[in-house]
Amino acid sequence: MSDFDMKQYVCEKYSVGEYVNSKIIPSVHYTGTNRVITMTKPIICPFHADTKPSFYYHYDEKYKKEKFKCFGCGLGGDVIDLHRFWSFKCGRKISFKQAVVELYYELQTGSR
Ligand SMILES: [Zn+2]
């Protein structure tokens, strides 16, 4: 599988909502079917000192993948960006490529 295919695969199979729920805030409530998960309401951003919920995610029809956006600190992107930001927050600096490979591995092994 090429790097590009691997990236596409990860963005298609690994939803932002799932990532947030499994790694960042287990109690976050979301609704949805299939892989398109829509948050019912924004959450407190895990990346800045947030006082009112400003972290959203949504399915981007144009790019056919889920994206997130914080209207407080401005961070945003897809699940790969989220994995990089969250890893950095946890004290681990990883490259884009490494982020793709890690998420791909989680999907393959069902360890997410
Ligand atoms: Zn933020």
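See the structure shown above.
Residues numbered from 1 in each chain as written. Predicted model: local features only at pLDDT ≥ 70, side-chain atom pairs only at ≥ 80, totals over all residues.

Caption draft 1: How the structure looks around the overall build of the chain. For the chain, the helix and strand inventory stands at four helices and five strands. Reading the chain from its N terminus to its C terminus gives the helix and strand order α-α-β-β-β-β-β-α-α. Taking all 112 residues of the chain together, 24% fall into the buried category. For the chain, long-range pairs separated by at least 24 residues make up 38% of all intrachain contacts whose partners lie at least 6 apart in sequence. (Helix = DSSP H or I, 4+ residues; strand = E, 2+ residues; numbered from the N terminus. Buried ≥ 20, exposed ≤ 12 C-beta atoms within 10 Å, placed from the backbone. Contact = placed C-beta atoms within 7 Å.)

Caption draft 2: Structural view of helix α3 (residues 79-89). When α3 is considered as a whole, its buried residues turn out to be V79, I80, L82, H83 and R84. Taken from the residues just after α3, G91 is the one with a positive phi, measuring 85°.

Caption draft 3: Structural detail: the packing of helix α2 (residues 16-24) against α3. Interhelical geometry of α2 versus α3 gives an angle of 20° and a closest axis separation of 10 Å. By the criterion of interaxial angle, the relationship of α2 to α3 is roughly parallel. Crossing of α2 over α3 shows right-handed handedness. For the pair formed by α2 and α3, the contact residues are V16, Y19, K23 and I24 on the first element and V79, L82, H83 and W86 on the second. In the contact of α2 with α3, the residues fall into six nonpolar, one polar and one charged. (Axes fitted to C-alpha atoms, helices over the stretch in contact; angles between N-to-C directions. Parallel < 35°, antiparallel > 145°, perpendicular 65-115°, else oblique. Left-handed = near helix turned anticlockwise from the far one by under 90°. Nonpolar A, V, L, I, M, F, W, Y, C, P; charged D, E, K, R; others polar.)

Caption draft 4: Region of interest: the nonpolar core. Grouped together as the largest cluster of nonpolar side chains are 18 residues, with contacts concentrated most on V10, V16, Y19, V79, I80 and L103. At the level of secondary structure, the elements contributing two or more residues to this core comprise α1 (3-13), α2, β3 (55-60), β4 (65-70), α3 and α4 (96-109). Beyond its immediate chain neighbours, meaning those up to four positions away, V79 contacts V10, C11, Y14, S15, V16, Y19, E66 and L103. (Core = buried A, V, L, I, M, F, W, Y, C linked by C-beta atoms within 7 Å.)

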